[in-house]
Amino acid sequence: MSNNSFLRPSTFLLTGMPGMEGGNMWLAIPFCSTYVISILGNSTILLVIKADHSLHKPVYLFLSVLAVTELGVSLSTALMVLSVLLFDTHEIGFDACLAQMFFIHCFSTMDSGVLWTMAFDRFVAIYKPLQYASVLTSPRIGLIGLGLTVRSVGLLIPLPVLLTRLPFCRSRVLAHPSCLHLNLIQLPCADVQVNSTYALFVPLATFGLDSLFIVLSYVMIIKTVLSIASKEERLKALNTCVSHISAVLIYYIPVIGLSLVYGFGKHASPLIHVLMANIYLLVPPVLNPVIYSMETKQSCRGICKLL
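In this text the structure is predicted, and so the values were computed from the model without any measurement. Think of each chain on its own: its residues are numbered from 1, step by step along the sequence as written. The predicted origin of the model limits local features to residues at a pLDDT of at least 70 and limits the giving and counting of side-chain atom pairs to 80 or more, whereas totals for whole chains, interfaces and linings rest on all residues. As a rule here, side-chain values cover all heavy atoms of the structure and leave hydrogens and water aside.

Caption draft 1: Representation of the packing of helix α2 (residues 58–87) against helix α3 (residues 94–127) within the structure. Between α2 and α3, the shortest axis-to-axis distance is 9 Å and the interhelical angle comes to 160 degrees. Accordingly, the angle class assigned to the pair α2 and α3 is roughly antiparallel. As for the relative orientation of α2 and α3, their crossing is left-handed in sense. Three categories are distinguished: nonpolar for Ala, Val, Leu, Ile, Met, Phe, Trp, Tyr, Cys and Pro, charged for Asp, Glu, Lys and Arg, and polar for the others, with Gly belonging to the last. Considering only residue class, the contact of α2 with α3 consists of 15 nonpolar, seven polar and four charged. Whenever a helix is involved, its axis is fitted only over the stretch in contact; in every case the axis is a line through C-alpha atoms, and angles between N-to-C directions fall within 0 to 180 degrees. Secondary structure elements follow DSSP: runs of H or I of four or more residues count as helices, runs of E of two or more count as strands, with numbering from the N terminus. For classification purposes, an angle smaller than 35 degrees is called roughly parallel, one larger than 145 roughly antiparallel, one from 65 to 115 roughly perpendicular, and anything else oblique. Two helices cross in a left-handed way if the nearer one is turned anticlockwise from the farther one by less than a right angle. They cross in a right-handed way if the turn is clockwise.

Here you go:
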């Protein structure tokens, strides 16, 4: 075997916003603010739920799991993004890049799974309100969280493993301030059919199935709500779903947008690709704590107590 048959780069080079390299310091302000809001917001949600025993209910336990996954997404990207923008540090080691890619995608797929379980939680709360607490007990929620973790880790481990088997003899420059599989898969100088096929299977097995289960859950919720005689009770039942529906839209709209940009916008400006990737990574962790804090009275009261 020739020495050049396998080329493994020691580092990759991360870029900021294409065409805006001279304004990295200015770009760092909104990025830094976004990460601070995300980390503080999700940490506050966790502290409030832990401190207030009246919030130890299934809906809030699922919310705490969502906050953990979104903290994971923010912390997986914050260090390198801010290093690029603030300190002009663009290099990241090969193994560190693969690790970052794994954690970003792992926490993101967990987000999708948590949103589906929260839809199921709303269905149980509306369909069987008297048995709600006995159906979704804390141990069962813990098992659901463990199952989502095992699913994400099991599905995502092959991605970095498959990349380590490929020769990288092209550019080492990644057109993002973070390591994403969509970008990394463009760099090897070998057949990436296996990698691409598996990378297509993962979102179908996670985002695809989860979105289907969310839709089915809401079909059942609507059928149950329509069977309620009182108009006030119907509105009250639907109001309990507002925060979750908002969280689903905030998560899936950037996912769909990113998929469309990479699938059909190959000739679009690189800046659009980077913007969509950052919206996908940053918007849900920032907005979800705000939505749940404002929409849920008990969360609002808990935050006021904590402060």
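That covers the picture; the talk isn't over yet.
Caption draft 2: Quick look at unusual backbone geometry. Its identity is not glycine, yet Asp 88 carries a phi of approximately 55 degrees, on the positive side. Among the structural elements, Asp 88 can be located in the loop between α2 and β2 (91–93). Partly exposed residues are those whose accessible area sits between 20% and 50% of the maximum for their type, while under 20% is buried and over 50% is exposed, using a 1.4 Å probe and protein chains only. Exposure remark for Asp 88: the relative accessible area of 52% places this residue in the exposed category.

Caption draft 3: Here's a closer look at the side chain of Asn 278. Relative to the elements of secondary structure, Asn 278 occurs in helix α11 (residues 270–295). Throughout, a contact is declared for two residues whenever any of their heavy atoms are within 4.5 Å. When sequence neighbours within four positions are dropped, the list of residues in contact with Asn 278 reads Met 17, Phe 31, Pro 177 and Val 283.

Caption draft 4: Here's a closer look at the environment of Val 290. With respect to the secondary-structure elements, Val 290 resides in helix α11. In this structure, the C-alpha to C-alpha distance between Val 290 and Ser 243, residues 47 residues apart in sequence, is 9.9 Å.

Caption draft 5: Just the sheet that holds β2, in detail. Ordered in space as β2-β1-β3, the three strands form an open sheet in which the pairing is mixed. Edge strands, defined here as strands with exactly one partner in the open sheet, are β2 and β3 (173–174). Here the rule is simple: two strands pair whenever DSSP picks up at least two bridges between them. Sheet analysis places strand β1 (residues 11–14) next to β2, joined by three bridges and oriented antiparallel. Within the sheet, the bridge partner assigned to Thr 11 lies in β2 and is Gly 93. Along the sheet face, α3 touches β1, β2 and β3 and points at about 85 degrees away from the line of β2.

Caption draft 6: Main features of the UniProt feature "transmembrane region" (unreviewed entry) in the chain. Under the UniProt annotation, "transmembrane region" (unreviewed entry) lies at residues 25–49, 61–87, 99–120, 141–163, 198–221, 242–265 and 271–291. For the annotated span residues 198–221, helix accounts for 100% and strand for 0% of the residues, and the straight-line distance between the end C-alpha atoms is 34 Å. UniProt positions are given in the numbering used here, feature names are shortened, and annotations may be inferred rather than shown by experiment.

Caption draft 7: Just the pairing of β1, in detail. Pairing of β1 with β3 involves two bridges; the strand directions are parallel. Bridging across to β3, Leu 14 finds its partner in Leu 174.

Caption draft 8: Main features of the packing of aromatic side chains. When the centres of two rings from Phe, Tyr and Trp lie within 6.5 Å, Trp using its six-membered ring, the rings pair. Their planes under 30 degrees apart give stacked, over 60 give edge-to-face, and anything left gives tilted. With the rule as written, the count across this model stands at eleven aromatic pairs. Summarising the aromatic geometry, the rings of Phe 12 and Phe 168 are spaced 5.7 Å apart at their centres and angled 70 degrees between planes, so their arrangement reads as edge-to-face. Of this pair, Phe 12 sits in strand β1 while Phe 168 sits in the loop between α6 (158–164) and β3, placing them 156 residues apart in sequence. Take Phe 12: its relative accessible area is 1%, and that puts it in the buried class. Each ring, one from Tyr 251 and one from Tyr 252, has its centre 5.0 Å from the other, and the planes form 80 degrees; the classification is edge-to-face. Residue class for Tyr 251 comes out buried when judged on its relative accessible area of 3%.

Caption draft 9: Up close: the nonpolar core. Membership of the largest hydrophobic core comes to 45 residues, with the highest contact counts inside it found for Leu 63, Leu 66, Leu 115, Met 118, Ile 214, Ile 221 and Tyr 252. Residue assignment for this core shows that the elements contributing at least two residues are α1 (24–51), α2, α3, α5 (138–156), α8 (193–226), α10 (242–264) and α11. When residues of this core are assigned to their parent elements, the largest contribution, nine residues, is made by α3. In this structure, Ile 221 is in contact with Ala 119, Arg 122, Phe 123, Ile 126 and Cys 241, ignoring residues within four places of it in sequence. Residue types Ala, Val, Leu, Ile, Met, Phe, Trp, Tyr and Cys, when buried and joined through side-chain atoms within 4.5 Å, form a set referred to as a nonpolar core. Formed by 27 residues, the second largest nonpolar core is a distinct cluster that contains Ile 92, Leu 166, Phe 168 and Val 202.

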